[in-house]
Amino acid sequence: MSAGGRLSIRKTYKLWIGGAFVRSESGRYDHASRGSAEQVNIPRASRKDVRDAVAAARKAFGPWSARTAYNRGQILYRAAEALESRRDQLAAVSDLAQVDAAVDVLVHYAGWTDKFQAVLGGINPVAAPFLSFSLPEPTGVVGVIAPDASELLGLVAEVAPALAAGNTVVAILSEQQPLAGLDLAEVLGVSDIPGGVVNLLSGRRTELATALGAHRDLNAIVDAGGDAELGAELDRLAAETIKRARHHEAAGAYETAIADALERIEAVTELKTAWHPVGA
Amino acid sequence: MTTQHRTAIVWDYAPAPEATDHVRLSDRYGLFIDGAFRDPAKPRFEPTLNPATEQPIAEIAWAGPEDVTAAIDAARAAQPRWAALPDRERAKYLFRIARLIQERARELAVVETLDGGKPLRESRDVDIPLAAAHFFHYAGWADKLRYGVNAREVAPLGVVGQIVPWNFPLLMAAWKLAPALACGNTAVLKPAETTPLTALLLAEICQEAELPDGVVSILPGDGATGAALVRAPGIDKVAFTGSTAVGRDIQAALAGRPTSLTLELGGKSANIVFEDAALDQAVEGIVNGIFFNQGHVCCAGSRLLIQESVLDEVIAKLWARMGRLRVGDPLDKNTDVGAINSAEQLQRIETLVAAGENEGAQRRTITCDLPEHGYWFAPTLFTDVSPAHRIAVEEIFGPVVSVLSFRTQAEAIEKANNSRYGLAAGILTDKGAKAFEVAGALRAGVVWQNTYNHFDPTAAFGGYKESGFGREGGPAGLRPYLKVVR
Amino acid sequence: MSRRLAHVDRVGVEERAAQLGKRSIKTTAKQQGIRLAVSMVDLTTLEGADTPGKVRHLCAKGVCPAPAMPEIPSVAAICVYPSLVSTARAALDGTGVRTASVATGFPAGQVSLEAKLRDTEDAVAAGADEIDMVISREAFLAGDDARVQREIAKIKDACGDAHLKVILETAELGSYDHVRHASMLAMEAGADFIKTSTGKASSGATPGVCLVMLEAIRDYIERAGRTVGFKAAGGVSTSKAALHRLVLVKETLGDEWLTPERIRIGASSLLNDLLLQYAKSETGRYGRSEDFSKE
């Protein structure tokens, strides 16, 4: 369509995998409308894209989890800044209240990066000459199934705690409302989040979620998709490699996204207990 | 002056069997349901054997599905009142249980050794005192639960189904029951098929402590009983300690259900000896890691990684030390390595050891006189093991250690983490900064430096990856038994 | 040259030593263990008030600790100050019990090397079979390993045929790392035995110290091929403690080490406790101190 005789450029969205914006290896696309009339192409990811995303997340996990907590907090805060600056763009495909809540949720979890360790861990006063302490560590590569309701806030509410804890994420975007997630990819893509730390895939939820849930190199899956049948299937798949599986209701407001922040973080951490001898 | 004696004096330890005359065991035990012992709905009694003699000790009722339902119903009925008790009163019941375990410690130690085959030295010095300590620790939590979850409001989950293994029968029952009860849940616990006795004595202790009926039920049985328990609709939470295979089945069976789950599963834990270790103490760390409880330990240090520069020296020291292990009568107070828990487990160990030999690893087994009857496996060391060998990958759950070598710290970490499991690890080094770095890099739930198999009720225990999820011990051990209300 | 220490993990070594203290030694094992321990005793008197008369009484006690129990062997040696060596030597002649003497400015060792050598030569000349010297902690703690070894080597020369026991005075060394290092220095310099303590320091043959020294001996033999003995002295005053030390030997070095040729226990009050416990195991009756002579 044209305004003043100018033909608009139709956008082709891409998957965000390993820090790069890529077409689906399958070449499959869907059409969608952005805003009222603008036609866009959105990628329909395949199982192989899921595989690539998990591989990218695995590769990124070591360096991301090795960053200082302070640095991870800075990066998450920077992501919030980036989102804030694009709130109008996101509001066009979502709603402003959701975008603002998502920004605030990112800020909230940016503040958790250097605090959850002290809250969830501590010194164990063992009855022996050892310094024993328990510290939470990131679980690893976390899969996220985003909801259709509150497609942006619901996504950020699951991704942010995983990142704050030092995990890397492969998220399956809302099938019905993928545009906010795809826009979020572009926002995060210009933030300081290192490549592969977050990977966002659009497409058919059941196809992608089961491929993700079945991947043996995935450590945990957080399902906010709200589909009980899919949830049960993800549980069964999780059992194959004893993945941690959690089901959350889609966060519809800032308050619900942060009310159980500690549980959300704990769900994607492992508590490690160390024993060091005291005596030389 | 008298003639003096200069003939050589030969000295060995005389047999030092622990007395058993103070043990009060019945010939037959029923199921413990709703505060009383009763026969199963469909009578079935199986003998429990002493694995050191293969002689039956007592007849044990095995629970069927009707009994599981009855126990869960009793637990359900008891739960609101139990949770509504003032916290300090609930605490006092647990304190009572802790004290009663201490008072009956000698008897419990002997029974644990008779039923399971572990050396009395361990049941006396580790299992029973730690079981009492766990009850004591969690008793103190009962009126402080909100502080265990950072001062938020909490509620119990309801009725919990718990399954414990045969390697630390009473201790694992304590690990399960103490936090569950402290949090206001009621529990149905299934002890292992081959080691039900101390759990049944614990049932007696619950009676002695006047614990309200139905708060704890104990249902001996085999895998079928356990399967019925975890799948029962009235269960709000399942806690399982055992093999990864069974854990996987349970997780799958609970798919799509709101039942909360924690799993403490298998391992193939790496024990890493660096060239700068205090080598004699490193050898003790290795021995504690793999020969403690005949290697029947989920976190056993069964993959021994030794830096190449000290490989020969450590193996020589280890082999000499293994030669001093005293294998035999578990009731003898000087026994270091007792009986294998069951014929089935012995078979599994033998199969994997044969696989190790067939794959070309070098086997060394100490020579020692083993009793004619009972299930025995002498401490064994495999060298020339490759990371791909079955004995380097699969859990043997016996007194068998597989030695692999490494050259650099990075290689040690890579090899240690190259496992489907992630329960525990050992680091043997004298260098503090290195110990902290390596401990941080290992993907395992427990990391011991210069020691192994130390446990404490204040210290969380549990695995990464396929070793399970959820923690037992310390405040983290409360969380699986609570929900945060706000 | 800077000192290189082989490290010992304190928590680990004490845990292992304590674990071995839980061995159950009952009935015949207890009786045999006590007899063995008696045979390893260096019965010692090191007091300013020692006189020839007291030393002669002690020698008689050492040769025949319990006349009523002839199965109790003689002790290994009688240990006295150099000035009383000739008295002891005369009293022990033909008994097989050896005469040992502390020398080298015992117990502080804070005298000149010349004085230490003269002390040693006097004791050997007076008939001592064994010399118990103490290392210079002053040199050791200052990091002067060479001087520690030089002194040991010279005194070893001065000993001639007499056996040299080198006392590390472990309580003053400050760490197990130092105990192990000093053990190695002493063995390399020619010690026939290494010994924990003078008995005059705040602590002596603790289980951990004994274990570290026994492990050092085992490693030294492995490397050098020369056998060195071990003497536990200081704080071993009960039968239970003595048997615990024997367990440490048995499970660290092996059964062939359970002989007075290789293991000694420095003692004064220990001997009567061994006799009391032995008598108890024979008769089933708890004893009293009057049952045995003090010396």
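For every chain, the first residue of the written sequence is number 1, and numbering continues from 1 along that sequence. To label them, take the chains in the order written and letter them from A, then take the ligands in the order written and number them from 1. Under the rules for a predicted model, residues below a pLDDT of 70 receive no local features and side-chain atom pairs below 80 are neither given nor counted, while totals for whole chains, interfaces and linings still include all residues.

Trainee: How do you make sense of the overall build of chain B when you look at a structure like this?
Mentor: The number of helices and strands found in chain B is 15 helices and 22 strands. Radius of gyration here is computed from C-alpha atoms only, and the compact-globule reference equals 2.2 Å multiplied by the residue count raised to the power 0.38. Compactness check: chain B gives a C-alpha radius of gyration of 23 Å against a globular reference of 23 Å for 486 residues, within 12% of the reference. C-alpha atoms of chain B, sized along the principal axes, occupy 70 × 60 × 50 Å. Looking at the 486 residues of chain B, the share that counts as buried comes to 62%. We call two residues in contact whenever the C-beta atoms placed from their backbones are within 7 Å. A separation of at least 24 residues holds for 72% of the contacts in chain B among residues at least 6 apart in sequence. The way it works is that DSSP assigns letters per residue, a run of H or I at least four long becomes a helix, a run of E at least two long becomes a strand, and they are numbered from the N terminus. Partly exposed residues are those falling between the two cut-offs: more than 12 but fewer than 20 other C-beta atoms within 10 Å of their own, whereas 20 or more means buried and 12 or fewer means exposed, with C-beta atoms placed from the backbone.

Trainee: Just to check I follow, could you spell out the interface of chain B and chain A for this structure?
Mentor: The figure often quoted for interface size is the accessible area lost as the parts come together. Chain B puts 35 residues into the contact, and the matching count from chain A is 31 residues. Of all the secondary-structure elements, those providing two or more residues to the side of chain B that touches chain A are helix 9 (244–253), helix 15 (432–441), strand 19 (446–449), strand 20 (464–465) and strand 21 (468–469) of chain B. Broken down by element, the residue count for the side of chain B that touches chain A peaks at five residues, all from helix 9 of chain B. Residues are grouped as follows: Ala, Val, Leu, Ile, Met, Phe, Trp, Tyr, Cys and Pro are nonpolar; Asp, Glu, Lys and Arg are charged; all remaining types, including Gly, are polar. In terms of residue class, the side of chain B that touches chain A is built from 16 nonpolar, 14 polar and five charged. Two strands form a pair only when DSSP identifies at least two bridges running between them. Pairing of strand 15 (residues 269–277) of chain A with strand 19 of chain B involves three bridges; the strand directions are parallel. Along strand 19 of chain B, the bridge assignment pairs Trp-275 of chain A with Trp-448 of chain B.

Trainee: Honestly, helix 7 (residues 179–189) of chain A in this entry has me stumped. Any pointers?
Mentor: Residues that lie three or four places apart on an α-helix share one face, since the helix turns once every 3.6 residues. Taken across its eleven residues, helix 7 of chain A has eight buried, putting it largely inside the fold. Restricting attention to buried positions, one finds in helix 7 of chain A the residues Leu-179, Ala-180, Gly-181, Leu-182, Asp-183, Leu-184, Ala-185 and Leu-188 of chain A.

Trainee: What am I meant to see in unusual backbone geometry here?
Mentor: Leaving glycine out, the prevailing phi sign among residues is negative, and the prevailing peptide bond configuration is trans. Here the amide bond leading from Phe-106 of chain C into Pro-107 of chain C is cis, since omega sits at 0°, within 30 degrees of zero. Its place among the elements puts Pro-107 of chain C in the loop between strand 3 (98–102) and helix 5 (113–125). A positive phi angle, near 55°, is found at Asp-384 of chain B, a position not held by glycine. Topologically, Asp-384 of chain B is positioned in the loop between strand 15 (380–383) and helix 13 (390–393).

Trainee: What should I look at first to understand the pairing of strand 14 (residues 244–247) of chain A in this one?
Mentor: Residues and elements named next belong to chain A. Across four bridges, strand 13 (residues 220–223) lies against strand 14 in parallel orientation. Bridging across to strand 14, Asp-223 finds its partner in His-247. If the strands point away from the viewer and the path from the first strand over the helix to the second runs clockwise, then the crossover is right-handed. In this fold, the crossover linking strand 13 to strand 14 by way of helix 9 (residues 228–240) has right-handed handedness.

Trainee: Hey, could you run me through the environment of Gly-199 of chain C in this one?
Mentor: Residue and element names in this part refer to chain C. Residue position: Gly-199 is located in the loop between strand 6 (193–195) and helix 9 (207–224). Residues Gly-199 and Gly-174, spaced 25 residues apart in sequence, show a C-alpha to C-alpha distance of 16 Å. Those residues in contact with Gly-199, other than ones at most four positions away along the chain, are Gly-204, Ala-233, Gly-234 and Gly-266.

Trainee: Got a minute to help me understand the sheet that holds strand 3 of chain C in this structure?
Mentor: Strand pairing in a sheet is mediated by backbone hydrogen bonds. Such pairs are either parallel or antiparallel. Residues and elements named next belong to chain C. Pairing is parallel in the closed barrel, where eight strands are placed in the order 1-2-3-4-5-6-7-8. Averaged over all pairs of adjacent strands, the angle between their axes in this sheet comes to 25°, without regard to strand direction. For strand 3 and strand 4 (residues 130–134), the ladder comprises three bridges, and the chain directions are parallel. Bridge pairing in strand 4 places Ala-100 opposite Glu-130. The strands touched by helix 9 are strand 6 and strand 7 (229–233); relative to strand 7, the strand with the most contacts, the crossing angle is about 170°. A fitted line through C-alpha atoms serves as each axis, taken over the contacting stretch for helices, and the angle formed by two N-to-C directions is quoted from 0 to 180°.

Trainee: Is there a simple way to think about the interface of chain C and chain B in this case?
Mentor: The interface is formed by 34 residues belonging to chain C together with 24 residues belonging to chain B. Contributions of two or more residues to the side of chain C that touches chain B are made by helix 1 (10–20), helix 2 (27–39) and helix 10 (239–252) of chain C. Considering every element that reaches the side of chain C that touches chain B, the biggest residue donor is helix 2 of chain C, with eight residues. Of the residues in the side of chain C that touches chain B, the class split is 14 nonpolar, twelve polar and eight charged.

Trainee: I would appreciate a short explanation of helix 3 (residues 52–63) of chain C in the present structure.
Mentor: Residue and element names in this part refer to chain C. The terminal C-alpha atoms of helix 3 lie 16 Å apart, and with twelve residues this matches the ideal 16 Å at 1.5 Å per residue to within 8%. Among the residues making up helix 3, those that are buried are Val-55, Leu-58, Cys-59, Lys-61, Gly-62 and Val-63. Looking at the buried positions of helix 3, the neighbouring elements they touch are strand 1 (41–44), strand 2 (77–80) and helix 4 (85–92). Helix span, expected: 1.5 Å multiplied by one less than the number of residues in the helix.

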